[in-house]
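# Structural characterization, general
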Amino acid sequence: MRSELEDLWKRRDEVPLRSAEAVAAVDAAIGLLDTGRARVAELLDGEVVVHEWLKNAILLLYKQASPQPSQFGPFQCADKIPLKSTIDGVQVSPGAVIRRGSYQEPGAVVMPSHIGIGSYVGEGTLVDSWVGIGSCAQIGRNVHLSGGVGLGGMIEPPMAKPVVIEDDAFIGARSMVYSGARVGEGALLGAGALLTDTIPVIDAATGEELSRGEVPPWTVAVPANRPREFAGGTFGLPCLLVIKRLKKGERHDKAKLNDAVRTQPPATLTL
């Protein structure tokens, strides 16, 4: 399948992408993503590895598909990507929009929110209300995505790597993580934080810039700004300030998970 899709992608401007063979190849790849048998990206030896052939399968799907009418509650919709039809072992509240080609491990909890194609949500993760998970974002296990969090996609706009939120992380309300940024294992991101691949992450104890776009594991980082001189004056530019370091496995009080929310749902839910 991989070689077939790689060839299809190379010849995408020469071959009929809506032929039965091309549609079947792309649909099979999307089926792998939809069932969790494959991922667009994953962590291998601490590095984010993107499986380009699966990313390209999603792009080919957008080229092949045309908006199809559907019913969502009382609303009429027209979309290229259909919603998932069956979700096993996942607690889903009314109003959640979960696109086919994304995967949620059993034990995840999804409140009214939007989950894009190619994304992955781990077991025990809470996707709170009005969260937007962009295409191909990778969310680990036992993560808390608070209300209004936005995670950028890798397909639109095009990015080399997806947003990655590692296991046990806590993302505070109304925080925005975009442009392939990464939040390390067990890290807590304060409410209203902005993290992109160009945002400096600074150690409050030393003033040292730790990274751009990556929050270290087992730290507490809050939004801040630092002054910068320009021709027009001095202006504060956004940064993240690491104000606390946690022991590995230690949960900040605000990040402790509520087991009551994560009770095991019935085995299968049909949307």
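All of the points below concern the structure found in this document. (Residues numbered from 1 in each chain as written. Predicted model: local features only at pLDDT ≥ 70, side-chain atom pairs only at ≥ 80, totals over all residues. Heavy atoms only, no water.)

### Observations regarding the packing of aromatic side chains
This is how it is decided: Between rings of Phe, Tyr and Trp, where Trp is taken as its six-membered ring, a pair exists when centres lie within 6.5 Å; planes separated by under 30 degrees are stacked, by over 60 edge-to-face, and by other angles tilted. By the criteria applied, helices consist of DSSP H or I runs no shorter than four residues and strands consist of E runs no shorter than two, each listed in order from the N terminus. Burial classes follow relative accessibility: with a 1.4 Å probe on protein chains only, a residue under 20% of its type's maximum area counts as buried, one over 50% as exposed, and anything between as partly exposed. Geometrically, a charge over a ring is one whose NZ (Lys) or CZ (Arg) sits within 6 Å of the ring centre while staying within 35 degrees of the ring normal.
Scanning the model with the defined rule gives two aromatic pairs in all. A ring pair is formed by Tyr 103 and Tyr 120, whose centres lie 5.4 Å apart and whose planes are at 50°; its orientation type is tilted. One end of the pair, Tyr 103, is in strand S8 (residues 103–104); the other, Tyr 120, is in strand S11 (residues 120–121), and 17 residues separate them in sequence. No difference in accessibility class separates Tyr 103 from Tyr 120, as the two residues are buried. The lysine or arginine in question, Arg 12, covers the ring of Trp 9, its NZ or CZ lying 3.8 Å from the ring centre. The ring of Tyr 120 carries the charged tip of Arg 39 above its face, separated from the ring centre by 3.7 Å.

### Quick word on the packing of helix H1 (residues 2–10) against helix H3 (residues 52–64)
Applicable threshold: Note on method: axes are straight lines fitted to C-alpha atoms, helices fitted across the in-contact stretch only, with angles between N-to-C directions ranging 0 to 180 degrees. An angle counts as roughly parallel when it lies under 35 degrees, as roughly antiparallel when it exceeds 145, as roughly perpendicular when it falls between 65 and 115, and as oblique in every other case. Two helices cross in a left-handed way if the nearer one is turned anticlockwise from the farther one by less than a right angle. They cross in a right-handed way if the turn is clockwise. Throughout, a residue-residue contact means that at least one pair of heavy atoms, one from each residue, lies within 4.5 Å. For this classification, the nonpolar set comprises Ala, Val, Leu, Ile, Met, Phe, Trp, Tyr, Cys and Pro, the charged set comprises Asp, Glu, Lys and Arg, and every other residue, Gly included, is treated as polar.
Interaxial distance between H1 and H3 falls to 10 Å at its minimum, and their mutual angle equals 55°. The angle between H1 and H3 falls in the class oblique. In the packing of H1 onto H3, the handedness of the crossing is left-handed. Residues Arg 2, Leu 5, Glu 6, Leu 8 and Trp 9 of H1 form the contact with H3, whose own contacting residues are Trp 53, Asn 56, Ala 57, Leu 59 and Leu 60. Here the residues of the contact of H1 with H3 sort into seven nonpolar, one polar and two charged.

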